[in-house]
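Listed below are the residues making up each chain.
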Amino acid sequence: MQFPIYQVPYLGNGMTIALDAVLHVVISHGFAIGVFSLIVLGEYLGWRKPSEAWESFAHDLLRITVVITTGIGAITGVGIWFLTSALEPRGIGSLLRIFFWPWFVEWFAFTGEVIAILIYYYTWTSWIGERKPRHIQTGAICLAFAVASAFLITGILGFMLTPDGWPWNKSLWWAFFNPTFLSQLLLRLSGAAAMGGIFATGYLLFAAREESFRREALRLFGRVVLWGTLATGACAGWYFAVVPSRYKAQAVFSVLTSALSQHPELFWIGNGVAVALILLLGRAATRGAMPLARALALPAALLAVACVGEFERVREFIRGPYVMPGYMYANQVLLDEKPLFEREGLLRSSFWYSAASGRQGVASGGRYLFGQNCSVCHTIGGINDIVQRVRGRSEDGIAAIIAHTHEMVSFMPPFSGTVEERRLLARYLYQAATGGIAVGVPSRFVAGGAEGTK
Amino acid sequence: MNTLFDVVLGRPLPLGVIRGLLFGTFALHMLLALITLGTAILGMVYVARSGWGGKAGERPWAKGILHTLLGYKSLAVVLGVAPLLLIQVGFPVPFFTAVNLFAPYWMLVIPFLIAAFLTLDFVAANTKARPHLRLALGTIGLALLLAVPGIFVAILTATEYSGAWLEIIQRGYRLPGPLAYHWLFRYLHVIGASVVFGAAVHYFATPEGEHERRRSLLRWMLGGLLVQIVLGLLLYLSVPARPGTVANFSLALSVIGVVVLFWRLSRPLPPSLISAVSLLLVILIPMLLARQALQDRAILPLHEKLEGNAARYRTALRPFAAQGLWQYLQTLETVYDSGQTIYVQSCAFCHGQQADGKGVEAANLTVPPEVLGAVRAHRAYFRDRLREGVPGSGMPYFTVYTRGQVDDLVSSLDRTYHRRYTLTPQRMLEVITAGYPGTAMPAFASLGSDLRRGLVEYAGSLYEGQPRR
């Protein structure tokens, strides 16, 4: 194949990207849009009423938000890109070629957002009096850039689940304004509002503030939590109504995994409890029930983060065998390439295998075939360990399973390679599971001996 | 390299336009990145001096410098997006390969930057914190921040010298000898430049009345320029490919800029803001032009080859395009929401479409697939087999489906087969006689025929008494 293969040991590639991505979504949605909109609103209320309490609260919240968004949010955002560049280069390389222009415009939106937030932050104490409305407008401009950024990225994310007619016509417009685009955008914006309300409520409850102001602000934030959560639920319903049935059938499993798949009630109970507690926080805040709100603030914030993780997990997982449906499988093999590899052989077609020295035997070929076909999801010795998955199976049984992975398990891509290569991979996995060969915890899948084995 | 090829999807822009945009956006990013690094270095130097050995008047200097870090670093990060996008769109194979060859280091950039920015923001915002704490946190932050350009330089070096790729992968994340020296001087040159640019920015941001601070920053600029001359010479000598005319001309221009700036800074009356900025740009832009020229000489021939290979590869794939799309449509239309679909997709290739054990893979299995249509068992037995698989055979576990899906599959089997087929006495006799390969069930052929038939009769009578679950 085109690129050498690297896998993060133990954690696996998917989990590594997910950890970074979830943190980024929480910050880019919850803080950069949700909390930031409440800061601008707070500043506006402070100027309009006028109220020193609102002004100072908004300023304090801004200090924290700027550090979090510029110090963590921006880096984890670029981080998703960094990680995919190293771990899924073919996927990101192809996406960039399709979505170059939205990505390029996104650079302007991102730059505009950062410049606006820096102006907003550095001029808080100097743009006062008559200049205050301009300062508030700067905050609103920053918010507009953040929403534009969400707009542009959602088009790309939606494409990765529902590419619509793109596989046939290769039209950017079809790809960008795909069936899940609008519902997902509104879902993200309403989720951002709900998260912003939860985070701002948490800060308000535990920061030193005058009591009457706290009650007044709490009522406002509580309403944001309530309406934001309800809107998120409605948009989630719309979003999943548009998702193809094939993918929806995998949604519950994507959350529970093999470990809990036989207890599907946990999915509904978990989500029900999360939504109920968040709504309860909103209700407690609007009614000024301070002790209850304090007790619920941290659990609600953690559950909101968990809901973000759950949504992103479902979205990424249910597209199943594809990373770009209709074009590329999750293991970065093109749909058109599979029959080619069946005829020509994957090992022979791979520069990084055929050019390396010491390529012979089960360990070398099997490891490379595993790396190319399976390592996007499975590790050896870590999360979703393939050795555990095949343990107890006979070698011919493994070979039969590999021939039908994409039929047997709806979210797995097919094996790419010749019949002999399939048998070679089966032998490698069987020997790995039975201790016939020492596999260690590989991170680099290259030919030759034990290189890349940690 | 002969079999490597460019990304199969075509480029959205001509390569010349991408290269032009790449140069412009990279120059902008480098300017902010150098100022960010320089600000962090100088800020921490003054933090250290304000606690240990410096003059009392120096204390506010660190605050004044570090306070600006939040802005510079935010701009440096955001301005880095465009060159990253452009190099990945223009030269995906060399760049992604280099990234992959140094993947662990490349990924460390994220935690390094987060930790560096948070610690340095803390040092900037908490001027009244304990000096030891500020120094310790700031030093950690600075060290992490300084590691980042080292990683980027390694990636760019590997991007440019594809001849070393196989050696790098065999050596395990290390550049081979001559490239390692090149990397070292290139990295130090970036750090040196950051001191010069950082000092220059803060020199002109310092009010003219603050003579001491200005003099101190001026010394950093002069010292930085001297070091850069030495490092520049070493870097030039370490370049693996012979620099062409454009690179040499650009470097000469940059050196002249350095000399003139040094001369102007050494005079009693320092240069004005405009002339200093002009000279700094005369140094930076030709330097980046030289870098670009060297990179182009290394990458463009390879890229041409990759594009040619990609065109041939597209032609090779064309006959399979319709098949791939047809497969995609079939996949979308197959919804795993009923037991019947799951059986056809997940079970039939071994157990057969008619549950007769004659699936397409049956002949390849030493332990034959069970004739499911002939098995009479409780639902719990089926569920357990589906949840756990059958060790020693090819039968895997099916917890990849939820309980509802598993139950649906069992119900589907019940409906379709169990009312039509039973575990016949003939089948029982076969199992007792020949055993059940792959399980603990041995063959009892040595028992007399009457005894085996009697066992079949007895087992059948036991089964009839069992209630169905």
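Described in the following lines is the structure provided in the data block. The structure presented is a predicted model; accordingly, all values stated were derived computationally and were not measured.

### Some words on the environment of S375(A)
Residue and element names in this part refer to chain A.
- Mapped onto the elements, S375 comes out in the loop between helix 17 (361-373) and helix 18 (386-390).
- The exposure class of S375 is buried, given its relative accessible area of 3%.
- Residues S375 and F181 lie 194 residues apart in sequence; the distance between their C-alpha atoms is 30 Å.
- In this view, S375 contacts I5, Q7, N13, F370 and F445; residues no more than four positions away in its chain are not counted.
- A distance of 2.5 Å separates the side chain of S375 from the backbone oxygen of G371, its partner in a polar contact.

### Description of the interface of chain B and chain A
- In this assembly, 99 residues from chain B lie in contact with 101 residues from chain A.
- For the pair chain B and chain A, the summed buried surface comes to about 8,700 Å²; carbon and sulfur atoms form 69% of the total.
- If you look at where chain B meets chain A, you find two salt bridges.
- For D6(B), the salt bridge goes to R97(A), with nearest N and O atoms at 3.0 Å.
- If you look at where chain B meets chain A, you find 37 residue pairs in polar contact (both at pLDDT 80 or more).
- The biggest single contributor to the side of chain B that touches chain A is helix 6 (residues 103-125) of chain B, with eleven residues.
- Here the residues of the side of chain B that touches chain A sort into 63 nonpolar, 28 polar and eight charged.

### Considerations on the environment of R264(B)
Residue and element names in this part refer to chain B.
- Following the sequence through the fold, R264 ends up in helix 11 (residues 245-266).
- According to the relative accessible area criterion, R264 is partly exposed, its value standing at 22%.
- Each residue touching R264, except ones within four places of it in the same chain, is listed here: L269, P270, P271, S275 and L279.

### A closer look at the side chain of T201(A)
All names here are of chain A.
- Positionally, T201 belongs in helix 8 (residues 181-206).
- In this structure T201 comes out as buried when scored by relative accessible area, which is 0%.
- If near-sequence neighbours (up to four positions away) are discounted, T201 is found in contact with L218, F221, V225 and L281.

### Observations concerning the side chain of S261(A)
- Relative to the helices and strands, S261(A) is located in the loop between helix 11 (251-260) and helix 12 (265-286).
- Note on S261(A): relative accessible area 0%, which makes it buried.
- Side-chain polar atoms of S261(A) contact the side chain of Q262(A), separated by 3.0 Å.
- What S261(A) contacts, discounting residues up to four positions off in sequence, is F253(A), L256(A), T399(B), Y401(B), T402(B) and R403(B).

### Side note on the packing of aromatic side chains
Residues and elements named next belong to chain A.
- Following the criterion strictly, the structure yields 56 aromatic pairs over all chains and no others.
- Here F317 and F411 contribute two aromatic rings whose centre-to-centre distance is 4.6 Å and whose plane-to-plane angle is 55°, an arrangement assigned as tilted. Of this pair, F317 sits in helix 13 (residues 290-318) while F411 is found in the loop between helix 20 (405-408) and helix 21 (419-434), placing the two residues 94 residues apart along the sequence.
- Residue class for F317 comes out buried when judged on its relative accessible area of 15%.
- Judged by centre distance (5.3 Å) and plane angle (50°), the rings of Y353 and Y368 are tilted. Note that Y353 is positioned in helix 16 (residues 351-354) and Y368 in helix 17, a separation of 15 residues in sequence.
- Judged by relative accessible area, Y368 falls into the buried class, the value being 0%.

Scoring rules and cut-offs
- Residues numbered from 1 in each chain as written.
- Chains lettered and ligands numbered in written order.
- Predicted model: local features only at pLDDT ≥ 70, side-chain atom pairs only at ≥ 80, totals over all residues.
- Heavy atoms only, no water.
- Helix = DSSP H or I, 4+ residues; strand = E, 2+ residues; numbered from the N terminus.
- Buried < 20%, exposed > 50% of the residue type's maximum accessible area, 1.4 Å probe, protein only.
- Contact = heavy atoms within 4.5 Å.
- Polar contact = N/O pair within 3.5 Å; in protein donor to acceptor, adjacent residues only side chain to side chain.
- Buried area = accessible area lost by both parts, 1.4 Å probe.
- Salt bridge = Lys/Arg side-chain N within 4 Å of Asp/Glu carboxyl O.
- Nonpolar A, V, L, I, M, F, W, Y, C, P; charged D, E, K, R; others polar.
- Phe/Tyr/Trp six-rings, centres within 6.5 Å; stacked < 30°, edge-to-face > 60°.

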